[in-house]
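# Architecture at a glance
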Amino acid sequence: TILLLVVIIFAYLIKNKQQSVLTYQKIVDSAYETDLDFNFYVDKFYRDVEVYGIFPKRPNTQIIKLAKFDYIENTTHLHGISYGSKNDDRIEIYINSSSWEKFNKPMRYYLMYHELAHDILNLDDLVDSPENEGKLMYPAIASYESKTMDDFIESTHKLFEEISAKQNK
């Protein structure tokens, strides 16, 4: 029975990996170039973290594009996704084009900094719980409609202060 359980778990993991690769390919295939200046957000992110004494590597590969998540199974609930996390040589972010269109300025900043924090600082999402709401790495950005730029700035400052304190221990 243990062998059967191992086989079932292994098959499940392989299927999930295959679905993940397929989803990635569909996102990449739906992505498109735009005249939006995503480098503005990247450069600002690096300047902001450097103020706190955090100096992450600037990768050679940077891909940031809009994608049509609304037409891809299992991605319609996503606003953005990063694929460069845990790879210091790559920033690879895809933003749901319909989310970007609907989001106000603070929500766009939250979204970009959230995804950049995954790829540049290798941070994971926080647990989706009330005590994490309002924090930059909180995964439910749709609840941030009423957030202001001041809220965004406060959230990023808290996160960067925490990271800086951990690095300087």
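Further up the page is the structure itself.
Residues numbered from 1 in each chain as written. Predicted model: local features only at pLDDT ≥ 70, side-chain atom pairs only at ≥ 80, totals over all residues. Heavy atoms only, no water.

With that settled, the discussion passes to helix α5 (residues 149-167). In this model α5 runs 27 Å from its N-terminal to its C-terminal C-alpha over 19 residues, within 8% of the 27 Å that 1.5 Å per residue would give. Packed against the buried residues of α5 are α2 (38-51) and α4 (105-121). If you check the start of α5, you find a side-chain oxygen 3.3 Å away from the backbone N of D150, and it comes from T148. (Helix = DSSP H or I, 4+ residues; strand = E, 2+ residues; numbered from the N terminus. Expected span 1.5 Å × (residues − 1). Contact = heavy atoms within 4.5 Å. Polar contact = N/O pair within 3.5 Å; in protein donor to acceptor, adjacent residues only side chain to side chain.)

The biggest cluster of nonpolar side chains holds 35 residues, and the ones touching the most others in it are F45, I64, I91, W100, L116, L121 and F160. Elements that contribute at least two residues to this core include exactly α2, β1 (61-67), β3 (90-96), α4 and α5. Once you skip the residues sitting within four places of it in the chain, I91 turns out to touch V42, Y46, P59, T61, Q62, I63, I64, L116, D119 and I120. By size, the runner-up hydrophobic cluster in this structure holds seven residues, among which are A31, A67, F69 and I81. (Core = buried A, V, L, I, M, F, W, Y, C linked by side-chain atoms within 4.5 Å. Buried < 20%, exposed > 50% of the residue type's maximum accessible area, 1.4 Å probe, protein only.)

Turning our attention to the packing of α4 against α5. Axis separation between α4 and α5 bottoms out at 9 Å; the angle between their running directions is 15°. In terms of their interaxial angle, α4 and α5 are classed as roughly parallel. Handedness of the α4/α5 crossing: right-handed. For the pair formed by α4 and α5, the contact residues are K105, P106, Y109, Y110, Y113 and L121 on the first element and M149, D151, F152, S155, T156, F160 and I163 on the second. Among the residues making up the contact of α4 with α5, the classes are represented as nine nonpolar, two polar and two charged. (Axes fitted to C-alpha atoms, helices over the stretch in contact; angles between N-to-C directions. Parallel < 35°, antiparallel > 145°, perpendicular 65-115°, else oblique. Left-handed = near helix turned anticlockwise from the far one by under 90°. Nonpolar A, V, L, I, M, F, W, Y, C, P; charged D, E, K, R; others polar.)

Another aspect to go through is the packing of α2 against α4. Between two packed helices, the angle of one axis relative to the other and the distance separating the axes together describe the packing. Orientation of α2 relative to α4, taken along the N-to-C sense of each, is 65°, at an axis distance of 10 Å. What the angle tells us is that α2 and α4 run roughly perpendicular. The hand of the α2/α4 crossing is right-handed. When α2 is examined against α4, the residues F38, F40, Y41, V42, K44, F45, Y46, D48 and V49 are found in contact with a partner set consisting of R108, Y109, M112, Y113, L116, A117, I120 and L121. Grouping the amino acids of the contact of α2 with α4 by side-chain chemistry returns 14 nonpolar, no polar and three charged.

By the criterion of burial, β3 is predominantly enclosed, with six of the seven residues buried. Strand direction decides the pairing type here: strand β2 (residues 80-82) and β3, joined by three bridges, are antiparallel. Across the sheet, the residue bridging to G80 is I95, located in β3. (Pairing = 2+ DSSP bridges.)

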